[in-house]
Amino acid sequence: MPVKLTRAVAAAAAFLSAPVLADYHVDILPPATPIAQEIYNLHFGILWVCVGIFIVVFGAMFWSVFAHRKSRGAQAAQFHENTTIEIIWTVVPFVILIAMAYPATKTVLDMKDGSNPDMSIKVTAYQWKWEYDYLQDGVRYFSSLSTPREQIEEHEKPGPKKNPNYLLEVDNPVVVPVGKKVRLLITSNDVIHGWYVPQLGVNQYGIPGFVKDAWFKVDKPGRYLGQCSQICGKEHGYMPIVVDAVSAEDYAKWIADKKAKMPPPPAPVADATPAAAAPAEDPNKKWSVDELKANGAKVYAANCQACHGAEGKGTPPAFPPLAGSKVANGPKGAQIDLELKGKPGTAMASFAQLSDADLASVITHTRTSWGNKGGEVMPAEVKSARK
Amino acid sequence: MSTATHAHDTHGHDHAHAHDHHGPPAGFSRWMYTTNHKDIGTMYLWFSFAMFLMGGSMALLIRAELFQPGLQLVEPQFFNSLTTVHGLVMVFGAIMPAFVGFANWLVPMQIGAADMAFPRMNNWSFWLLIPAALLLVGSFFVPGGAAASGWTLYPPLIIQQGMSIDMTILAVHILGASSIMGSINIITTILNLRAPGMTLMKMPLFVWTWLITAYLLIAVMPVLAGAVTMLLTDRHFGTSFFNAAGGGDPTMFMHIFWFFGHPEVYIMILPAFGIVSQIIPAFARKPLFGYASMVYATSSIAILSFIVWGHHMFTVGMPAAGNLFFMYATMLIAVPTGVKIFNWIATMWKGSMTFETPMLFAVGFLCLFTIGGFSGLVLAITPVDITLHNTYYVVAHFHYVLVSGALFAIMAGIYFWLPKWTGHMYSEGLGKLHFWLSMIGFNVAFFPQHFLGLAGMPRRIPDYALQFTEWNQISTVGAFIFGFSQLLFLYIVISTIRGGAKAPDRTWEGADSLEWTHLPSPVPYHTFETAPVVK
Ligand code: HEM
Ligand SMILES: [Cu+2]
Ligand SMILES: [Cu+2]
């Protein structure tokens, strides 16, 4: 059992070394917005009120435990019921509570006041990634976990050294300018998710069919990390949020950059879930079937595997298998359509944000792997289907 | 409180001969067909313990996976099933049945009744638990695995899963039916079968808290049944209660669920209050400080529990007025809860205390439940909750109220009444060892989770970022200490049943309810066939 043994040793070593590299954080993370600061203060206040009450009340109890024991010869007094005392210990907590509710009320009202935002971002949650749509600046993209899978899967053997921001890193972070009031319009495409970035003081469910709002205004440039806060299926632990707060100039540059990488939005596809713009590529590149297959495996691993499984077996009944699927073995047109538009009302979202070549590759991959006999699809076919 | 007429001569016949003609039938049919409240109470308690070990094993598997970042032991989907079924099993299989077991044993004896009002229904409400448990646990073995949506069963996530969900829904229905039958039985028994002179305001507090709990159960179990039935029809019969595309609203499920869910947490804690309210005076050798105010505090908590459900939903995006209402209402519950804590401490004050195992668990309860109450108060503050919702802070909070609250009270109650039930004393040394191991293990396991939550670690995740490693490792070590010390508890209970020093009839000097003053230890199979007279 050398594997088991090494793992046990590794685990023990990790445990013993804990005090050395320790991160024994015991407090709310440093706030980065005025609201988060208010939350921080509220927590601090109520924490100390509780500690104070605890010391007084349990000081009395422990004194009694110490002094009023039979072994010390204590005789039981027989007193009970005392209206004065009972009124006092009802009224005093009540007053303390009012004192705590007052500042909290102010913060609740502040948090709800999303009026006059400087900009709005529509956030759509998917199983298991986020889509950000900058409503004023016309930038739109997906953001998903970028930690390599081999750092995560350690069932057989310990993975390679984990990135410093293991599980809290994404391919495309959210970028916002500092000092601007950013309003988030949060919704979901499938199940309930939660957009949660503690240092920004935002934790808001994305609920399918409803748009909820939240807002923040970051003071200090910096990178703020968060995660999905509401259980949303098997990859719930793997849909982080990264927010980069930058200066106004850097933000403008970033927007220009993003836009340059995107061709003008394609003609709207029928009534499909709106398609994000596909990245530019060399339209004249000729793809061989083998190239398509090789590229398709990569695209599949990044976009489809979480639901349909590495071996195309899916996780029925939620996510159907693609091995032996009627669609992957049926007419090409139907599958191209499905990938472009998604299937509304199910977790199968539109993948129109992928380039023609990537889509053709992944479709080819699904139609030629695991015993499927659907045959390959060329980028040109995807291109014409987009029209 | 109630003064005894006189021991022994009130229970019909001399107990030395009781077993000859009124003893239980032997073997399996004794348990299968029994209508005896003591037998049924025993079965409830063993069932609860079995489920506790089952749910506990799942918890330990969860904690083992969380010992280090990365996935070492389980797959994420299975991990989600583990948390979900752990939660459901602990709530519906371990804690609730344990209290019903106590009610069965104690309510008739404490009010001077011969048995429960509906003995046959009592048998039925126990045996219903078995198929429900089989459905819950069996759902691990169907395609797609057990429910993986969290014990809150939120749609649309839950709609995606397979037949395990239908099994879970059926299990919840059966458990609900069992609870409702149990509650009707308890209410009827308390209201109709009290011995002459046992007025409502003379009843031991355990009976009072159960009376109120039973009303809560009858009020909310049908609500849960309605919610899961809507899930079922959404899944199979084309309705869209919770599906926005069909005109429904997933948020509605949360409202309905938590309208059940918050009273449910009081269902799990009020009987615990009752048990502790009997143990503390017994070991302080001093009457409870404010009996009447305890009754009123319990009732106000029960009533308030119906108007605070929204504190579980501060992040769905309710309007400010909604958030504020639920914040104020939730904070208000702290007042009657405080009254209870103060009462217990005033009872201890100037008592003549000893600290046998039941009292240790009761004092442990008092300290740790209060910590859970304080973290509850922190979470009641809407803005603070928003930053802590669905993080490990919440996991810490509800384990402080459920484990060191409800479960510690159950342990305290078992040690307290075991001598009465079995006629034998348990081993005080081992009992104390069990207490200290539980106390230490529990705090090591759950206190660090506050820190994890404050640092933003979400709950229900199988893997986490590196900065959470240290506290998670400590938590796992504590969980294993806590978990394995429960095997010691099992050993103590079994060896007490098998033998041990003879327990005096009034085992605890300061205990004064009817089962101590009027009945021998062990209690005969039938008691109070002629009602005692309470002065
Ligand atoms: C051996 C002692 C216990 C340990 C180590 C333990 C551990 C855990 C862990 C690790 C979770 C998962 C947290 C998450 O990822 O969200 C959990 C959830 C939960 N536990 Fe326990 N637990 C124990 C006992 C109990 C008891 C006695 C109850 C009593 C009711 C209970 C009720 C719950 C509930 C309701 C959940 C939430 C399930 C969900 O997320 O849907 N636990 N517990
Ligand atoms: Cu999630
Ligand atoms: Cu609640």
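Each remark here, short or long, concerns the structure printed above.
Bear in mind that the values here come from a model prediction, so they are computed numbers and not experimental data.

Novice: In this structure, what is going on with the overall build of chain A? I would like to understand it.
Specialist: Assigned secondary structure in chain A consists of 11 helices and 10 strands. Within chain A, the proportion of its 387 residues that are buried is 47%. Here the contacts in chain A between residues at least 6 apart in sequence split such that 65% fall between residues at least 24 apart. Here chain A displays about 18600 Å² of accessible surface, and carbon together with sulfur accounts for 63% of that area.

Novice: Could you clarify how one ought to interpret the coordination of the iron atom of ligand 1 in this entry?
Specialist: Coordination angles at a metal have ideal targets, namely 109.5 degrees for four tetrahedral donors and 90 or 180 degrees for six octahedral donors. All names here are of chain B. For the iron atom of ligand 1, the full set of protein donor atoms is His 86 (NE2) and His 399 (NE2), and the range of their distances to it is 2.0 to 2.1 Å. Taken together, the 6 donor atoms surrounding the iron atom of ligand 1 define angles of 86 to 180° at the centre, an arrangement classified as octahedral. Of this pair, His 86 sits in helix 4 (residues 76–111) while His 399 sits in helix 14 (residues 392–422), and the two are 313 residues apart along the sequence. You can call His 86 buried: its relative accessible area is 14%. His 399 gets classed as buried once you look at its relative accessible area, which sits at 13%.

Novice: Teacher, can you tell me more about the site of ligand 1 here?
Specialist: Residues and elements named next belong to chain B. The environment of ligand 1 is made up of 22 residues, and the closest members are His 86, Trp 151, His 399, Arg 459 and Arg 460. The contact in question runs from a nitrogen atom of ligand 1 to an N or O atom on the side chain of His 86, over 2.7 Å. Contact between ligand 1 and His 399: a nitrogen atom at 2.9 Å from a side-chain N or O atom of the residue. Secondary structure elements with two or more residues in the shell around ligand 1: helix 3 (37–65), helix 4, helix 14 and helix 16 (469–498).

Novice: Where do I start with the pattern of salt bridges in this structure?
Specialist: Once their charged atoms are close, side chains differing in charge can pair, the charge on each being opposite to the other. All names here are of chain A. For the coordinates displayed, the defined rule picks out 17 salt bridges over all chains. With its nearest N and O atoms 2.9 Å apart, the salt bridge here joins Lys 162 to Glu 154. Taking the shortest distance from any N to any O, the salt bridge between Asp 337 and Lys 341 comes out at 3.3 Å. Here Asp 337 and its partner Lys 341 are both found in helix 9 (residues 332–341), 4 residues apart, which amounts to about one turn of the helix. The class of Asp 337 is partly exposed, set by a relative accessible area of 33%. Lys 341 sits in the partly exposed class, given a relative accessible area of 22%. Three or more residues joined by partner-sharing salt bridges are found here, namely Arg 149, Glu 153, Lys 234 and Glu 235.

Novice: Explanation requested: the packing of aromatic side chains in the structure shown.
Specialist: For any pair of aromatic rings, the description rests on two quantities: the centre-to-centre distance and the angle between the ring planes. Residues and elements named next belong to chain A. Per the counting criterion, the structure on display carries 68 aromatic pairs over all chains. Both rings, one in Tyr 141 and one in Trp 254, keep their centres 5.9 Å apart while their planes meet at 80°; by these two values the pair is edge-to-face. Of this pair, Tyr 141 sits in strand 3 (residues 139–143) while Trp 254 is found in helix 5 (residues 248–260), placing the two residues 113 residues apart along the sequence. In this pair, the class of Tyr 141 matches that of Trp 254, namely buried.

Rules used throughout
Residue indices begin from 1 for each chain and proceed along its sequence in written order. A letter from A marks each chain and a number from 1 marks each ligand, given out in the order of writing. The predicted origin of the model limits local features to residues at a pLDDT of at least 70 and limits the giving and counting of side-chain atom pairs to 80 or more, whereas totals for whole chains, interfaces and linings rest on all residues. Each side-chain value is derived from all of the structure's non-hydrogen atoms; neither hydrogens nor water enter the calculation. Strands here are runs of E lasting at least two residues and helices are runs of H or I lasting at least four, both read from the DSSP assignment and numbered beginning at the N terminus. Burial classes follow relative accessibility: with a 1.4 Å probe on protein chains only, a residue under 20% of its type's maximum area counts as buried, one over 50% as exposed, and anything between as partly exposed. Two residues form a contact once any of their heavy atoms are found within 4.5 Å. Under the convention used here, a 1.4 Å probe and the Shrake-Rupley method define accessible areas, while residue burial counts only the protein chains that appear. Listed donors are limited to N, O and S atoms within 2.8 Å of the metal, widened to 3.2 Å for Na, K and Ca; water is not among them, so incomplete-looking sites are possible. The geometry test gives tetrahedral to four donors whose angles all lie between 85 and 135 degrees, gives square planar to four donors and octahedral to six donors whose opposite members are over 155 degrees apart with all other angles between 65 and 115, and gives irregular to the rest. In these notes, residues near a molecule or strand are those with any non-hydrogen atom within 4 Å of it. Any N or O atom pair separated by 3.5 Å or less is treated as a polar contact, with the protein-specific requirement of one donor-capable and one acceptor-capable atom, and with residues adjacent in sequence counted only for side-chain atom pairs. Salt bridges are defined as contacts in which a side-chain nitrogen from Lys or Arg sits within 4 Å of a carboxyl oxygen from Asp or Glu. Classification of ring pairs rests on two measures: the distance between centres of Phe, Tyr or Trp rings, Trp counted by its six-membered ring, which must be within 6.5 Å, and the angle between planes, read as stacked under 30 degrees, edge-to-face over 60 and tilted in between.

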